[in-house]
Amino acid sequence: MGDILEERRKGLEEEYFHRKNKEAIEKMREKMRIAAEAKSASTSSLQCPRCDGKLKTTTFEDAGVDVCEKCGGVWLDSGELEQLTRRDSGNWLGRLWNSWNSE
C-alpha cells in the first residue's frame, strides 16, 4: 500500500512540475515575441533605469546601443562596451577602458 501511495505522490509531483515548466515556457515565448515586435519597430519594451522613458535601440559602430527617448541616457548591454572600445584603442574611451582592465 505504501508503494502505491509513493508512486501516486511522485506522479502528481511530476505532473505539477511539468505543468509549471510549460507555463514558464509560454510566458518566456510571449516575452520574446513582444521583444521581437518591439525590435522590428525599432523600439524597446524596456524602460529606462533612470526615468520612466522607453529605450530605443540604435546602432553605433556595429554595436546596439539603447537610448532613452525621454532623458537621452545611453545604455549598453553586456559586451557592447568592450566591442566599442576594441574598435579604436587610441580614443579616450578605449584608453580609459584599457587602464581599468590593466589594474
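Per-chain numbering applies: the sequence of each chain, read as written, is numbered from 1 onward. Confidence filtering applies because this is a predicted model: local features only for residues at pLDDT of at least 70, side-chain atom pairs given and counted only at 80 or more, and all residues used for totals across whole chains, interfaces and linings. Heavy atoms from the whole structure form the basis of all side-chain values; hydrogens and water molecules are not counted.

**Q** Help me out: how do you make sense of the overall build of the chain in this one?
**A** When helices and strands are counted, the chain shows 3 helices and 3 strands. Exposed residues in this analysis have more than 50% of their type's maximum accessible area, buried residues have under 20%, and partly exposed residues fall in between, with area computed by a 1.4 Å probe over protein chains only. Burial status across the chain gives 15% buried among its 103 residues. The contact definition used throughout considers only heavy atoms, calling two residues in contact when any of these lie within 4.5 Å. The contacts in the chain between residues at least 6 apart in sequence include a share of 9% that link residues at least 24 apart. Only the protein chains shown count as covering a residue, and every accessible area follows the Shrake-Rupley method with a 1.4 Å probe. On the chain, roughly 8,500 Å² of surface is accessible, and the fraction owed to carbon and sulfur atoms is 54%. Starting at the N terminus, helices and strands are each numbered in turn, a helix being any DSSP run of H or I of at least four residues and a strand any DSSP run of E of at least two.

**Q** Got a minute to help me understand the side chain of Asp66 in this structure?
**A** Inspection of the secondary structure puts Asp66 in strand S2 (residues 63-68). Overall, the relative accessible area of 6% leaves Asp66 in the buried class. The term polar contact refers here to a pair of N or O atoms within 3.5 Å; inside protein, the definition further demands a hydrogen-donor-capable atom paired with an acceptor-capable atom, and it admits residues adjacent in sequence only when both atoms are side-chain atoms. Side-chain polar atoms of Asp66 contact the side chain of Thr57, separated by 2.8 Å. In this structure, Asp66 is in contact with Leu55, Lys56, Thr57, Gly73, Val74, Trp75 and Asp77, ignoring residues within four places of it in sequence.

**Q** Any chance you could explain the sheet that holds strand S1 (residues 55-60) here in plain terms?
**A** Strand pairing in a sheet takes place through backbone hydrogen bonds and is either antiparallel or parallel in direction. A pair of strands is treated as paired once DSSP finds two or more bridges between them. Ordered in space as S1-S2-S3, the 3 strands form an open sheet in which the pairing is antiparallel. Two strands close off the open sheet at either side, each with one partner strand: S1 and strand S3 (74-76). If you compare each strand with its neighbour and ignore which way they point, the axes differ by 35° on average. The pairing of S2 with S3 spans 3 bridges and is antiparallel. What sits directly across from Asp66, in S3, is Trp75. A fitted line through C-alpha atoms represents every axis, and for helices the fit uses only the stretch in contact; the resulting angles, taken between N-to-C directions, go from 0 to 180 degrees.

**Q** Just checking my understanding: could you explain the environment of Leu46 for this structure?
**A** Position of Leu46 among the secondary structure elements: in the loop between helix H1 (2-40) and S1. Residues Leu46 and Ala35, spaced 11 residues apart in sequence, show a C-alpha to C-alpha distance of 8.7 Å. Beyond its immediate chain neighbours, meaning those up to four positions away, Leu46 contacts Gly53, Lys54 and Leu55.

**Q** Mind showing me how you'd approach the environment of Glu61 here?
**A** Looking at the secondary structure, you find Glu61 in the loop between S1 and S2. A relative accessible area of 41% means that Glu61 is categorised as partly exposed. Sequence separation between Glu61 and Leu84 is 23 residues; the distance between their C-alpha atoms is 7.2 Å.

Read these as geometric descriptors, not functional statements.
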